[in-house]
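Tertiary structure, described
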Amino acid sequence: MGSSSGEEEGTNKWVPPSQRPELADVVPVGQDDGPCPVVSISYRDDFREVMDYFRALYSAGERSPRALHFTAEAIHFNPGNYTVWHFRRLVLEALDTDLLQEMNFVDQIAESNPKNYQVWHHKRWLAEKLGPDAANSEHEFTRKMLAIDAKNYHAWSHRQWVLQALGGWESELQYCNQLLEEDVFNNSAWNQRYLVITSSPLLGGLVAMRDSEVDYTVEAIMANPRNESPWRYLKGLYKGDNYLPVADRRISDVCLKVLKDDSTCIFALSLLVDLLRMGLQPSDELKGTIESMENCDPETSHVDLATAVCSILQKCDPLRISYWSWYRTTLS
Amino acid sequence: MVRVSLRSARRHRDRARSRSQATARPPPAASMESSSQPPPLSGADQSEDGATAELPRLTVTQVEQMKVEARVAEIYSVLFGAAPNTKSVMLELWRDQHVEYLTKGLRRLAPSFHVLDANRPWLCYWMVHGLALLEETLDDDLEHDIVDFLSRCQDRDGGYGGGPGQLPHLATSYAAVNTLVTIGSESALSSIKRDNLYKFMLQMKDESGAFRMHEGGEIDVRACYTAISVASLLNILDDKLAKGVGNYIARCQTYEGGIAGEPFAEAHGGYTFCGLAAMILLNEVEKLDLPSLIGWVAFRQGVECGFQGRTNKLVDGCYSFWQGAAIALTQKLMTVVDKQLKQSYSSKSSSGDNLCGTSSSGYASEKSTNVDYAKFGFDFIKQSNQIGPLFHNIALQQYILLCAQVLEGGLRDKPGKNRDHYHSCYCLSGLSVSQYSAMTDSDSCPLPQHMLGPYSNLLEPIHPLYNVVLDKYDDAYEFFRESDQV
């Protein structure tokens, strides 16, 4: 069975499958949409014909070079067709094909369809087969994709899977630094950083990393106090622990410092409520700062500090007024 | 008609403190305060090697955010400056146009839709559900043809594919089943081959307990939700299907509080809804850290009044449902929330991560073999809200009505984007959720003050765990109960 034809990589004019000698024995199978179809897509003729031939090869279960070749064509027409991808994997397995070449193929599709579930799943399937040797090139590829869209969810998931399954952690923290230097608001990069410091086999885990991470995060907060990402990250560094964030003065200090400059920073106020709730004994300075903020409202002057901060939030965060009202009720 | 006092769209940070703001009622329009301000000049030079003082450089995130804020602010300033009559016109839901847009697509779609050729049951669902929300009934022929078409997508061995002859897939099975439940006729409901569907779902189960989308397909929280939702709705959920799913989903809750598609990925609105809804349907919601989940979702509503999908991403109308419904669900989970808050703050010592997925305090571990799973979805909706909405329900309606509606019909992600069926479905679903979110036990329908725009904007209520219109859910629930008793 010949595998090539006139439809090679755009050099020649596209030849409809019905006019290709190597498909002469295939009887195309039309789509069974019924007599009165709904959500009926007005397919172009080339699309329809390619899918008719695909259906024929698929239903015959043909594991041949021409079937492999043909799935590539169907994928070009609609990279979201998971059935085609699935069939392609069956054919690939049966034919013992060069998987690196296949990776090149899917990379090309991914570049023009960066948010397609199927291409990334196919890449993962291939990378798993290729094993640890594929780690570096996969990291290079996701790096390239993230350079175009630094928050591409699929690219990040793939990168994380490669790290965990195949390795390549060596420069990951540095990569996070670089991305955060470019855009400190990039929450995906913060999330990646969390994976690295908790899971990298080279760094010793969250407990070992916490101290230096707090410094790094506090610095990021001070540079852009209205950037939510480092605030969430800071809380994440102490996830599930009520004692340490209270004991670590840097946490309450950053809240205080930010509030001195910007008394309506909801992230600082919000973290402060949590700290107070965890048992933070406020310094006189902190007490003073909060009291000066709530002075405008005599109604709150007699309540405890966490409640006072909640009522400040009710005022300076009107979008979340009902959230803060509720949260306030949970304090007692 | 709702009388709202509207504020100026632009309010500067400096003025925020001196502003005397009524505390009794939330402002109907949230401020357009910039959420990601450029760094102050004094703190501009943060670069490690920064010997030279540079001007503050705006990052990609900041620039994109500012563009959207400016665009939305412009729209709101027209509203705030408008005469009362004009305001009420502006806040109208353009029902007829949406109905026309959705109805038209049900029959025929342009060639460019070939990229959705593996999502045709989804197209059915987005349109049929959107129309049901708008209380638009389909004519009998059309209903019959949809049922017929979906039967052609149904695999001989169970499950629905993206089109006739395609591999069965969990997400398209969800779309097909929800469409058929929404049509609700006997022929629609009985066209679902439940025994086969059950077998298909069992085959899609991974050893981790999670589900994969299709044979050899990807495993994620979306697959878990669509499987559990379908199984619950059709009354075929059992221990075998349920086993391990809850633990997988709990592992996907991140340090931020939201839920990711896979363990360690970024918290995301779509997956947060899917994960939370699945956990409720499994009766394992205690395995999630609900206070932190609520806190994360509440902060996803931004100055544009709509929701973003992830921290520091742009607002998008579809998250009106994913985030809006997720936080609305928690209004019925306050017993668990209170318990978790008490537990996590009672011991001041190091408590480890006992709230975050490693605990086995949920019901799953002690399940008997005769758990009535379908009842969890049924009982949940019969329960009344224990508190009011934890998001700004009026602000969300404002975003949907003013920023997401397209004059020619259909709804969109944000101003400047095109309409599509997906966004139409989820903007309308989110609108319904926000309209009903302030209902208490004593109300038979939403009060005018909980709705923005004329009362005629009111949509049908949904069952938020499945996202089907509530009446249709009730009928389907009865139908599948009875067929099991025969």
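Residues numbered from 1 in each chain as written. Chains lettered and ligands numbered in written order. Predicted model: local features only at pLDDT ≥ 70, side-chain atom pairs only at ≥ 80, totals over all residues. Heavy atoms only, no water.

So the rule is basically this: UniProt positions are given in the numbering used here, feature names are shortened, and annotations may be inferred rather than shown by experiment.
An unreviewed UniProt entry lists chain B under the name Protein farnesyltransferase subunit beta, with Brachypodium distachyon given as the organism. Database annotation for chain B, UniProt heading Sequence similarities (unreviewed entry): "Belongs to the protein prenyltransferase subunit beta family."

Chain A appears in an unreviewed UniProt entry as Protein farnesyltransferase/geranylgeranyltransferase type-1 subunit alpha from Brachypodium distachyon. Under the UniProt heading Cofactor (unreviewed entry), the note attached to chain A is "Mg(2+)".

**Let's talk about the nonpolar core**
The condition that has to hold: Side-chain atoms within 4.5 Å are what join buried Ala, Val, Leu, Ile, Met, Phe, Trp, Tyr and Cys residues into a set we call a nonpolar core. Per-residue accessibility, obtained with a 1.4 Å probe over protein chains only, is compared with the maximum for each type, and a residue is labelled buried under 20%, exposed over 50%, and partly exposed between these values. Each domain's extent is set by a domain assignment, obtained either automatically or from a database.
One finds Trp231 of chain A together with Ile146, Met201, Phe211, Phe273 and Leu276 of chain B to be the most contacted residues of the largest nonpolar core, which totals 258 residues. When residues of this core are assigned to domains, at least three fall in each of domain 1 (1–97) and domain 2 (261–332) of chain A.

**Some thoughts on the packing of aromatic side chains**
Using the following cut-off: Think of it this way: a Phe, Tyr or Trp ring, Trp meaning its six-membered ring, pairs with another when their centres are within 6.5 Å, and the plane angle makes it stacked under 30 degrees, edge-to-face over 60, tilted otherwise. The secondary structure listing takes helices from DSSP runs of H or I that are at least 4 residues long and strands from runs of E that are at least 2 residues long, numbered from the N terminus. Two thresholds decide whether a charge sits over a ring: the Lys NZ or Arg CZ must be within 6 Å of the ring centre and within 35 degrees of the ring normal.
Using the criterion set out here, one finds 44 aromatic pairs over all chains in the structure. Between Trp156 of chain A and Tyr175 of chain A, the ring centres sit 6.2 Å apart and the planes meet at 40°, which makes this aromatic pair tilted. On the criterion of sequence distance, the pair formed by Trp156 of chain A in helix H7 (residues 153–166) and Tyr175 of chain A in helix H8 (residues 172–182) is long-range, its members being 19 residues apart. Look at Trp156 of chain A and you get buried, because its relative accessible area is 5%. Judged by centre distance (6.5 Å) and plane angle (80°), the rings of Tyr323 of chain A and Phe299 of chain B are edge-to-face. Linking Tyr323 of chain A in helix H17 (residues 321–329) with Phe299 of chain B in the loop between helix H14 (290–298) and helix H15 (319–329), this pair reaches from one chain into another. The pair Tyr323 of chain A / Phe299 of chain B is uniform in exposure class, with both members buried. We note Lys123 of chain A situated over the ring of Phe141 of chain A; from NZ or CZ to the ring centre the distance is 4.1 Å. One Lys or Arg, Arg277 of chain A, reaches over the ring of Tyr327 of chain A and ends 5.0 Å from the middle of that ring.

**Thoughts on the interface of chain B and chain A**
Note the cut-off: We call two residues in contact when some of their heavy atoms are within 4.5 Å. Take the accessible area each of two parts loses on contact, using a 1.4 Å probe, and add the two losses: that sum is the buried area. Here a salt bridge means any side-chain nitrogen of Lys or Arg lying within 4 Å of a carboxyl oxygen belonging to Asp or Glu. Under this definition, polar contacts are N or O atom pairs within 3.5 Å; protein pairs additionally need one hydrogen-donor-capable and one acceptor-capable atom, and for neighbouring residues in sequence, both atoms have to be side-chain atoms. Each residue gets one label: Ala, Val, Leu, Ile, Met, Phe, Trp, Tyr, Cys and Pro are nonpolar, Asp, Glu, Lys and Arg are charged, and the others, such as Gly, are polar. Being paired, for any two strands, means DSSP has found at least two bridges between them.
Taken together, the contacts link 104 residues of chain B with 82 residues of chain A. Of the roughly 8000 Å² buried where chain B meets chain A, counting both sides, 52% is carbon and sulfur surface. It is Tyr255, Phe264 and Phe299 of chain B that lose the most area in chain B upon contact with chain A, and together they represent 12% of the buried surface on that side. Between chain B and chain A we count four salt bridges in total. Salt-bridge contacts for Arg300 of chain B lead to Glu228 of chain A; the nearest nitrogen and oxygen are separated by 2.6 Å. Counting across the interface, chain B meets chain A through 49 residue pairs in polar contact (both at pLDDT 80 or more). Listing elements by their share of the side of chain B that touches chain A, those giving two or more residues are helix H2 (60–81), helix H4 (95–107), strand E1 (108–109), helix H5 (120–133), helix H6 (140–153), H14 and helix H16 (334–346) of chain B. Looking at the side of chain B that touches chain A, its residues break down into 43 nonpolar, 34 polar and 27 charged. Summarising the sheet, strand E1 (residues 40–41) of chain A and E1 of chain B pair through two bridges and their orientation is parallel. By the bridge assignment, Ser40 of chain A is partnered in E1 of chain B with Arg108 of chain B.

**Structural notes on unusual backbone geometry**
Residues and elements named next belong to chain B. The backbone phi angle of Glu135 is positive, close to 60°, even though this residue is not glycine. With respect to the helices, strands and loops of the structure, Glu135 is situated in the loop between H5 and H6. Relative accessible area serves as the criterion here: at 48%, Glu135 is assigned to the partly exposed category.

**A word on the side chain of Asp316 of chain B**
Applied cut-off: Counted charges follow a simple rule, with Lys and Arg positive, Asp and Glu negative, and His plus the chain ends left uncounted.
Position of Asp316 of chain B relative to the elements: it lies in the loop between H14 and H15. We note that Asp316 of chain B is buried and unpaired, the nearest opposite charge coming from Lys414 of chain B at a distance of 5.3 Å.

**Comments concerning the pattern of salt bridges**
Using the criterion set out here, one finds 38 salt bridges over all chains in the structure. Of the charged contacts in the structure, one is a salt bridge between Asp148 of chain B and Arg152 of chain B, with a shortest N-O distance of 2.8 Å. Residue Asp148 of chain B and its partner Arg152 of chain B are both found in helix H6; the two are separated by four residues, about one turn of the helix. For Asp148 of chain B, a relative accessible area of 24% translates into the label partly exposed. Through salt bridges with shared partners, a single ionic network connects Asp211, Asp215, Asp248 and Arg250 of chain A.

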